[in-house]
Amino acid sequence: MLTVLHYLADGLWILAMALIASTSRGALKRVPADAKMPMQWGKDGKPTWRLARNVALGVMFGVPLVLGLALSALSRMAVYDAQSAVILFLMRTLLAGLFAVVCLTWLRGSLRTLEDEGVVTP
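Below, the structure is looked at part by part.

How each quantity is defined
- Residues numbered from 1 in each chain as written.
- Predicted model: local features only at pLDDT ≥ 70, side-chain atom pairs only at ≥ 80, totals over all residues.
- Heavy atoms only, no water.
- Helix = DSSP H or I, 4+ residues; strand = E, 2+ residues; numbered from the N terminus.
- Rg over C-alpha atoms; globule rule 2.2 N^0.38 Å.
- Buried < 20%, exposed > 50% of the residue type's maximum accessible area, 1.4 Å probe, protein only.
- Contact = heavy atoms within 4.5 Å.
- Areas by Shrake-Rupley, 256 points an atom, 1.4 Å probe, with all protein chains shown as cover.
- Pairing = 2+ DSSP bridges.
- Patch = residues over 30% accessible without salt bridge, like charges linked within 9 Å, V, L, I, M, F, W, Y side chains within 5 Å.
- Salt bridge = Lys/Arg side-chain N within 4 Å of Asp/Glu carboxyl O.
- Phe/Tyr/Trp six-rings, centres within 6.5 Å; stacked < 30°, edge-to-face > 60°.
- 1 Å grid on protein atoms, 1.4 Å probe; cavity = no way out; pocket = protein on both sides within 12 Å on 5 of 7 lines; lining within 4 Å.
- Points joined across faces, edges and corners; volume = space filled by probe spheres on them.
- Nonpolar A, V, L, I, M, F, W, Y, C, P; charged D, E, K, R; others polar.

Looking now at the overall build of the chain. Scanning the chain from N- to C-terminus turns up three helices and two strands. Scanning the chain from its N terminus toward the C terminus, one meets helices and strands in the order α-β-β-α-α. Computed over C-alpha atoms, the radius of gyration of the chain comes to 17 Å, more than 25% over the 14 Å expected from 2.2 N^0.38 for 122 residues, which places it beyond the range of a compact globule. A burial count over the chain gives 33% of its 122 residues as buried. In the chain, the proportion of contacts linking residues at least 24 apart, taken out of those at least 6 apart, comes to 68%. Counting only carbon and sulfur atoms, one obtains 69% of the accessible surface of the chain, whose full area is about 7,500 Å².

Looking now at the pairing of strand β1 (residues 36-41). Two faces, one strand: in a regular strand the side chains alternate between the faces of the sheet. Pairing of β1 with strand β2 (residues 47-52), which is carried by five bridges, proceeds in the antiparallel orientation. Following the sheet pairing, Pro38 is matched in β2 by Arg50. Linking β1 back to β2 in an antiparallel pair, the connection comprises five residues, with Gly45 at a positive phi of about 90°.

Below, the discussion takes up a nonpolar patch on the surface. Taken together, Met1, Val86 and Leu90 make up a surface patch of nonpolar side chains, about 290 Å² in accessible area. Within the secondary structure, Leu90 is located in helix α3 (residues 82-116).

The subject of this paragraph is the packing of aromatic side chains. Evaluation of the coordinates by the stated rule reveals one aromatic pair. Here the aromatic rings of Trp13 and Phe99 are separated by 6.2 Å at their centres, their planes lie at 65°, and the arrangement is edge-to-face. With a gap of 86 residues between them, Trp13 in helix α1 (residues 2-30) and Phe99 in helix α3 connect regions that are remote in the sequence.

Under the definition given, this model contains one cavity of 30 Å³ or more. A volume near 30 Å³ is recorded for the largest cavity. Lining of the largest cavity is provided by Ile20, Thr23, Ser24, Cys103, Leu104, Trp106 and Leu107. Those elements giving two or more residues to the lining of the largest cavity turn out to be α1 and α3. The element contributing the most residues to the lining of the largest cavity is α3, with four residues. Taken together, the residues that form the lining of the largest cavity break down as five nonpolar, two polar and no charged.

This paragraph deals with the pattern of salt bridges. One pass over the full model with this rule turns up three salt bridges. With its nearest N and O atoms 2.2 Å apart, the salt bridge here joins Asp10 to Arg92. Taken together, the residues span a long stretch of sequence, with Asp10 in helix α1 and Arg92 in helix α3 at a distance of 82 residues. Neither residue differs from the other here; Asp10 and Arg92 are each classed as buried.

Here it is, written out as C-alpha cells:
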C-alpha cells in the first residue's frame, strides 16, 4: 500500500508539473523576451513588482519542481507506517493541485496585465 500511494502521488505531481510546463511554454511564445512579467498585484490592481520573463516563468516552474522532488524523496525514505503514508500522500496531492492552480492563476493575471499594457496581443 505504501508503494501504491507513493506512485499515485508521483503521478499526480507529474500531471500538475506537465500542466504548469505546457502553459508556461505557451506564455513563453506570446511574451516578448525583454518583457517584465508582473508577479504580484496591489489592492488597486496594479502590479507591485515584476521579474524578467525567463526568470518569472523559471521560478513558477522551479519552485514546485524542487518541492515535489523533495517530498517524493521524503515519502520514499521516511515513511514507515500506513498513517504516515496516507498523511504524506494527502499533503503531496493537495500541494500538487494547489501549485497548479496558483501558477495558472498567476499566469492568467500576468498575461491579462500585459495585454492591457499592449505588450502582448490577445
